[in-house]
Amino acid sequence: MEFWSTLIISLVLAGVVTLIVVRMVKNKRRGKSSCGCNCKDCPMSGKCH
């Protein structure tokens, strides 16, 4: 029975990660940024734009 609980939890976590990645890809294609668009205060401002 231990095997089934581990399998179910792993599948749920894999599904959540997949949904997050799909959403990030869709947002990237739409030109949306995940940084909040406050680039002047961002230490990585020269790297992403």
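Cut-offs and rules
- Residues numbered from 1 in each chain as written.
- Predicted model: local features only at pLDDT ≥ 70, side-chain atom pairs only at ≥ 80, totals over all residues.
- Heavy atoms only, no water.
- Helix = DSSP H or I, 4+ residues; strand = E, 2+ residues; numbered from the N terminus.
- Buried < 20%, exposed > 50% of the residue type's maximum accessible area, 1.4 Å probe, protein only.
- Areas by Shrake-Rupley, 256 points an atom, 1.4 Å probe, with all protein chains shown as cover.
- Expected span 1.5 Å × (residues − 1).
- Phe/Tyr/Trp six-rings, centres within 6.5 Å; stacked < 30°, edge-to-face > 60°.
- Patch = residues over 30% accessible without salt bridge, like charges linked within 9 Å, V, L, I, M, F, W, Y side chains within 5 Å.
- Salt bridge = Lys/Arg side-chain N within 4 Å of Asp/Glu carboxyl O.
- Lys, Arg positive; Asp, Glu negative; His and termini not counted.
- Charge placed at Lys NZ, Arg CZ, Asp CG, Glu CD.

Asker: Before we go on, may I ask you to explain the overall build of the chain in this structure?
Answerer: A count of helices and strands for the chain gives two helices and zero strands. Burial analysis of the chain (49 residues in total) assigns 0% to the buried set. With the model as given, the accessible surface of the chain reaches about 4,900 Å², and the carbon-plus-sulfur share is 65%.

Asker: Got a minute to help me understand helix α1 (residues 2–29) in this structure?
Answerer: The α-helix winds at 3.6 residues per turn, so residues separated by three or four positions along the chain end up facing the same way. Counted at 1.5 Å a residue, the expected span for α1 with its 28 residues is 40 Å, and the 41 Å between its end C-alpha atoms agrees. Residue G31 follows α1 closely and has a positive phi angle near 85°.

Asker: Looking at this structure, how should I read the packing of aromatic side chains?
Answerer: Centre distance and the angle of the planes are the two values used to describe a pair of aromatic rings. Scanning all chains against the criterion turns up one aromatic pair. Centroid distance F3 to W4: 5.5 Å. Interplanar angle 70°. Geometry classified as edge-to-face.

Asker: Got a minute to help me understand a positive patch on the surface in this structure?
Answerer: On the surface, R23, K26, R30 and K32 cluster together into a patch of positive charge. Looking at where K32 falls in the secondary structure, it is placed in the loop between α1 and α2 (45–48).

Asker: How should a nonpolar patch on the surface be read in this particular structure?
Answerer: Taken together, the side chains of F3, W4, L7, I8, L11, V12, V16, I20 and M24 make up a nonpolar region of the molecular surface, amounting to roughly 930 Å² of accessible area. Relative to the helices and strands, I20 is located in helix α1. Residue I20 is classed as partly exposed on the basis of its relative accessible area, which comes to 46%.

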